[in-house]
Amino acid sequence: VQPPPPQPPGRGPGRRGGGAEGTPGELEAEVLRDTRNRTIRALCGQRAMPRDVWELPAGQRRTVLRHLLVSDKYRFLYCYVPKVACSNWKRILKVLDGALESVDVKMKMDHKSDLVFLADLAPEEIRYRLQHYYKFLFVRNPLERLLSAYRNKFGEIKEYQQRYGVEIVRRYRKNGGNSAGDDVTFSEFLRYLLDEEVERMNEHWMPIYNLCQPCAVRYDFIGSYERLSADASYVLERVQSPSFVHFPERQSWYKPVTAETLHYYLCNTQRRLIKELLLKYILDFSLFAYPLPNITSEFCRQ
């Protein structure tokens, strides 16, 4: 017997640590959610846009199915986006499934084991879950996400320095042949992104639109990195997870991208590069209602 379909999604973030209804922050969040929903409906209603995952070309369908994580116990699908708190959501999934004792266990995150991806299931099982499960994803300012990926992957992770960094420096720097890949500049990284085919990008910098396909998958809730704690609490309450499961605190070693850091990087990068890059990520800006960055000379002089 198939379990009954879930109730329709609620409105704003709930009580489990989310903000109180009616506060300025809550009203602002409500307006933002409304803007996002309207934009997505308008864009996805256009004739050329896919209506479900089976209308997507095989490669795009494979990408989104590999990014949709499944909880059969709590009947939800979560589209994970690298650099948008996805490690913490994966911890939560492992705890809900009983594979991990607590979200606060200090351990390196294994991004594959003890997790079920929609891509692992048969077509009829995929169809059923897409139709009946609660579906959500979390988004982040596209440039902030790219800067976070750049600092993390090329500043700290040898595997990325060797796999991507060496090639990027060789391609975009005169006499860059001796680099170990740990000195990629932000401009070189952006030039590399401009030359990459979106569908072949590494998931850490592939646009959120391509990872999660919000036209082909009708998400019940789109949370944002900027309201992580309140939006995560709302989702946990909405899927009726046990009250002991909470969204983990940021690790003490984590270096967040601040507005000042982003301002510094953008203002020290050729404007042409940023303008071209905005076109490549324009769906992430417009669909998820993120303002385009101010890179005017006046602003950068501040």
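Everything numeric in this text was worked out from a predicted model, so none of it was measured. (Residues numbered from 1 in each chain as written. Predicted model: local features only at pLDDT ≥ 70, side-chain atom pairs only at ≥ 80, totals over all residues. Heavy atoms only, no water.)

If you trace the backbone, Gln161 turns up in helix H6 (residues 158-172). The exposure class assigned to Gln161 is buried, which follows from its relative accessible area of 7%. The residues touching Gln161, leaving out its near neighbours within four places in the chain, are Lys153, Phe154, Gly155, Glu156, Val166, Ala180, Gly181 and Asp182. (Helix = DSSP H or I, 4+ residues; strand = E, 2+ residues; numbered from the N terminus. Buried < 20%, exposed > 50% of the residue type's maximum accessible area, 1.4 Å probe, protein only. Contact = heavy atoms within 4.5 Å.)

Looking now at helix H11 (residues 271-280). Of the positions making up H11, those classed as buried are Leu273, Ile274, Leu277 and Leu278. The arc enclosing the buried residues of H11, seen along the axis, measures out at 135 degrees, which places them on a common side. Projecting away from the buried face of H11 at angles above 90 degrees are the exposed residues Lys275 and Leu279. Residues of H11 that are buried in the fold lie against helix H5 (142-156), helix H7 (186-195), helix H10 (259-267) and helix H12 (282-287). (Arc of directions from axis to C-beta.)

Now for the packing of aromatic side chains. As enumerated under the stated definition, the model contains 26 aromatic pairs in all. Measuring from ring centre to ring centre gives 6.4 Å for Tyr134 and Phe136, while their planes differ by 40 degrees; the resulting arrangement is tilted. Looking at Tyr134, the relative accessible area reads 2%, which means it is buried. Aromatic rings pair up to connect Tyr150, Phe154, Tyr160, Tyr164, Phe186, Phe189, Tyr192, Trp205, Tyr264 and Tyr265 into one cluster. Note that Arg140 overlies the ring of Tyr225, its terminal NZ or CZ placed 3.9 Å from the centroid. Note that Lys153 overlies the ring of Tyr160, its terminal NZ or CZ placed 4.8 Å from the centroid. (Phe/Tyr/Trp six-rings, centres within 6.5 Å; stacked < 30°, edge-to-face > 60°. Lys NZ or Arg CZ within 6 Å of the ring centre and 35° of its normal.)

For the rest of this paragraph, the subject is the pattern of salt bridges. For the coordinates displayed, the defined rule picks out 11 salt bridges. A salt bridge links Glu167 to Arg170, with the shortest nitrogen-to-oxygen separation between them at 2.9 Å. Residue Glu167 and its partner Arg170 are both found in helix H6; the two are separated by three residues, about one turn of the helix. For Glu167, a relative accessible area of 27% puts it in the partly exposed group. Close ionic contact of Arg171 with Glu167 constitutes a salt bridge, the shortest N to O distance being 3.1 Å. Remark: Glu167 and Arg171 occur in helix H6; sequence separation between them is four residues, near one turn of the helix. The network of salt bridges with shared partners includes Glu26, Arg227 and Asp231. (Salt bridge = Lys/Arg side-chain N within 4 Å of Asp/Glu carboxyl O.)

The next point concerns the sheet that holds strand S2 (residues 76-79). Read from one edge to the other, the open sheet built from four strands follows the order S1-S2-S3-S4, with strand pairing classed as mixed. At either end of the open sheet lies a strand with only one pairing partner, and these are strand S1 (68-71) and strand S4 (221-224). Strand-to-strand twist across the sheet, computed as the mean angle between neighbouring axes with direction ignored, equals 25 degrees. Sheet strands touched by helix H2 (residues 58-67): S1 and S2. Its angle to S1, the strand with the most contacts, is close to 40 degrees. Where helix H9 (residues 228-238) meets the sheet, its contacts fall on strand S3 (134-139) and S4, and the angle it forms with S3 comes to roughly 170 degrees. (Pairing = 2+ DSSP bridges. Axes fitted to C-alpha atoms, helices over the stretch in contact; angles between N-to-C directions.)

This next bit is on unusual backbone geometry. Apart from glycine, the bulk of residues carry a negative phi angle, and the bulk of peptide bonds sit in the trans form. With phi around 75 degrees, Lys83 is a residue other than glycine that occupies positive phi space. Mapped onto the secondary structure, Lys83 falls in the loop between S2 and helix H3 (86-96). By relative accessible area, Lys83 is classed as buried at 19%. Unusually for a residue other than glycine, Gln240 sits at a positive phi of about 55 degrees. With respect to the helices, strands and loops of the structure, Gln240 is situated in the loop between H9 and H10.

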